[in-house]
Amino acid sequence: MKSMKALILLFFGLSHSLFALASNHLSNQGITQATLGNGLKIVVKVDQRAPVFISQLWYKVGASDESRPTTGVSHMLEHMMFKGTRTYKSGEFSQIIARNGGDENAFTSKDFTAYYQKMHKSKLELAIKMEADRMRNLTFSNQELTKERQVVIEERRMRVEDKPNSKVYENLRLISFDEKGAYHSPVIGFQQDIETYSLNDLRVWYEKYYAPNNATLVVVGDVDPTEVIHLAKQYFGDYASNPNIKPSERSAITFKAKSRVLKLKAELPFYVLSFPAPSLKTATDKSTPYKLEMLAYVLDNGLSKSLIRNQQIASSIGVGYRLYDKYDTLFTLSFIPANGVSNDTVLKAIKAQVVELINNPDFIQGELSRTKAQLEADFIFEQDQISTQSYYLGMLSTVGLGIDKMFTYVDNMNSISATDVSAIAKHYLNFDAANSVELIPQEIK
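As the structure is a prediction and not an experimental result, all values here were calculated from the model. (Residues numbered from 1 in each chain as written. Predicted model: local features only at pLDDT ≥ 70, side-chain atom pairs only at ≥ 80, totals over all residues. Heavy atoms only, no water.)

## Overview of the overall build of the chain
- Regarding its fold elements, the chain presents 14 helices and 13 strands.
- Its C-alpha radius of gyration of 23 Å places the chain within 12% of the 22 Å reference for a compact globule of 445 residues.
- Principal-axis analysis of the C-alpha atoms gives the chain an extent of 65 × 55 × 40 Å.
- Long-range contacts, defined as pairs at least 24 residues apart, comprise 78% of the intrachain contacts of the chain with a sequence gap of at least 6.
- Roughly 19,900 Å² of accessible area belongs to the chain as shown, and the carbon and sulfur atoms make up 49% of that amount. (Helix = DSSP H or I, 4+ residues; strand = E, 2+ residues; numbered from the N terminus. Rg over C-alpha atoms; globule rule 2.2 N^0.38 Å. Contact = heavy atoms within 4.5 Å. Areas by Shrake-Rupley, 256 points an atom, 1.4 Å probe, with all protein chains shown as cover.)

So, in C-alpha cells, the structure goes:
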C-alpha cells in the first residue's frame, strides 16, 4: 500500500505588531498555515487545476454550545448574517457575489458554523473583504428577524415536523444525550425557542463567538498563499480577539437503555438504535474511532446484502458513526422492515450477524477488503473538488483535530484487521444497553 502522507513541516516567522505568523507548510499537500496576532487561523491549499478558489470562514460555535431557551440561535444567526452590515444593505452581500459570477452560502452544524464563496481567482480580495466586514459589522433588525424567524419555522416544519424519520432521530438524541449535554438539542432548535428568542439573544451570541480568535479562514484553489495571508491581515488584522471565549467544558453524557415509541402519520415504520461511543476527538486510544468507522461501513454493506437482498426481510438498512464529532457521539443502526415483517424479526437477524462477526472475524474479510479499496478511491476522487478539500480542512481545524487527519485517514483505515473490527463490535454493540426509538405509522388522511 503506497503512503499518502510524508508531510514535511517548514516553520518560518514574520514580525508585525498585529501579525504573529505561526505558519507551517505541508509541502507535499500544497498547504500553508498561519495565525494572525489576534488569533485568526489561516489555512491555504493550492490547487491550480482550474482558475477558481473557494474561501470559507469557520466559527467554533454551533448547536453543541447552546441550551434552552435559545436552542437554534447559531442557525438563526447564520440567516441574519445575510441581512446587512454597516457597509452593505440586506441581501446586498449575495447580490454582489452573484454579480461577480460567484456562488455563496453557509451551513450550521453541531460544532461549527461556516460561510463560503466560490469565485474566479481574480475575485479573491472581494470575497475576503466582504467576509471580514460581516465578522464585526453586522446590523440587527427586528424586521429582518421577524422575517427569518418565519423562514426558520417553515424550515423546521419541512425538515423535521413533516418528516417522521427526522422526528425519530430528534427523539433519539433526546434520550441518548443528557439534557445539559452538547448534542441534546437539534441544530435548527426547538420550536418554542425559535418562536421566542429575541434580537438581543442573537446580538450577544454574535459579539461573543464571531471573533477572530474563534475563527479559521480556509482558502483552496488557484491562489498564492502569501497573497491570502496578506489580505487576511489587511481585512481581519485590526479586529480585537475576545478573551472571554474559553474552551468548552460541556460533555455529551449518554443515558443507558431507554426506549421511546412514536405514533406519527407516516407511510412506513422505522426503527433506530444507538450505542454510546467516543469520537476521534474524545477517544483515549486514537485507533478506536477508526475501528468504529470501519465497523459502520462493514455492517452497513453486510447487513444490506444479507437482510435486503438475500433474506428480503428489510427494505432499508442504515449504520452510522460520527468520527469527527467534538464530543462523545453515537453509533447508530436503523432499518425499515419489509412489508409484513416485524421489527423483532429484523432485530434478531441484525444481532445474529453481529454475533457471527464477533465469533468469526473471517466472516467479514471480503467486505473489509472491498471497503478499504473503496475508501481509498473515494479519497482520491474527493481531491478533485475544492469544496470537499476545504470542508475537511476547515472542519478538522475547527473541532481541534488538526488538518493532518485529512491525509492520514486512508492509512489509518487500511491498518484495521478483521480481528480489530470483531473486537470493537464486541466492546461497543451491547444491545441490552442500547437506546431505541420506534416509529409506528398512523394513517395519512
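## Let's talk about the pairing of strand β8 (residues 215-221)
- Counted residue by residue, β8 has 7 buried out of 7 residues, so it is predominantly covered.
- Here β8 shows no split at all, with A215, L217, V219 and G221 on one side and T216, V218 and V220 on the other all buried.
- With 6 bridges joining them, strand β4 (residues 41-46) and β8 adopt parallel strand pairing. Each bridged residue has a counterpart across the sheet, and for V43 the counterpart in β8 is V218.
- When strand β5 (residues 52-59) meets β8, the two strands line up antiparallel, connected through 7 bridges. Along β8, the bridge assignment pairs S55 with V219. (Buried < 20%, exposed > 50% of the residue type's maximum accessible area, 1.4 Å probe, protein only. Pairing = 2+ DSSP bridges.)

## Some details on the nonpolar core
- With 64 residues, the main nonpolar core has L295, L299, L307, F331, I350 and L429 as its most contacted residues.
- Ranked by residue count, the leading element in this core is helix α9 (residues 287-310), at 9 residues.
- Those residues in contact with L295 that lie beyond four places of it in its chain are F331, L357, V421, I424, A425 and L429. (Core = buried A, V, L, I, M, F, W, Y, C linked by side-chain atoms within 4.5 Å.)

## Quick word on the packing of aromatic side chains
- Enumeration over the complete set of coordinates arrives at 25 aromatic pairs.
- Between F82 and F93, the ring centres sit 6.2 Å apart and the planes meet at 85 degrees, which makes this aromatic pair edge-to-face. Here F93 lies in helix α2 (residues 92-99) and F82 lies in the loop between α1 (73-80) and α2, a separation of 11 residues in the sequence. An identical accessibility class is assigned to F82 and F93; each is buried.
- With a centroid separation of 6.4 Å and an interplanar angle of 45 degrees, the aromatic rings of F107 and Y116 are classed as tilted.
- A residue is classified by how much of its surface remains accessible, and F107, at 23% relative accessible area, is partly exposed.
- When its relative accessible area of 19% is taken as the criterion, Y116 is described as buried.
- The structure contains a cluster of three or more aromatic residues connected by ring pairs, namely W58, F107, F112, Y116, Y324, Y391 and Y392.
- The residue whose ring lies beneath K110 is Y183, and the NZ or CZ to ring-centre distance is 4.3 Å. (Phe/Tyr/Trp six-rings, centres within 6.5 Å; stacked < 30°, edge-to-face > 60°. Lys NZ or Arg CZ within 6 Å of the ring centre and 35° of its normal.)

Scope: geometric values only; no functional claims are made or implied.
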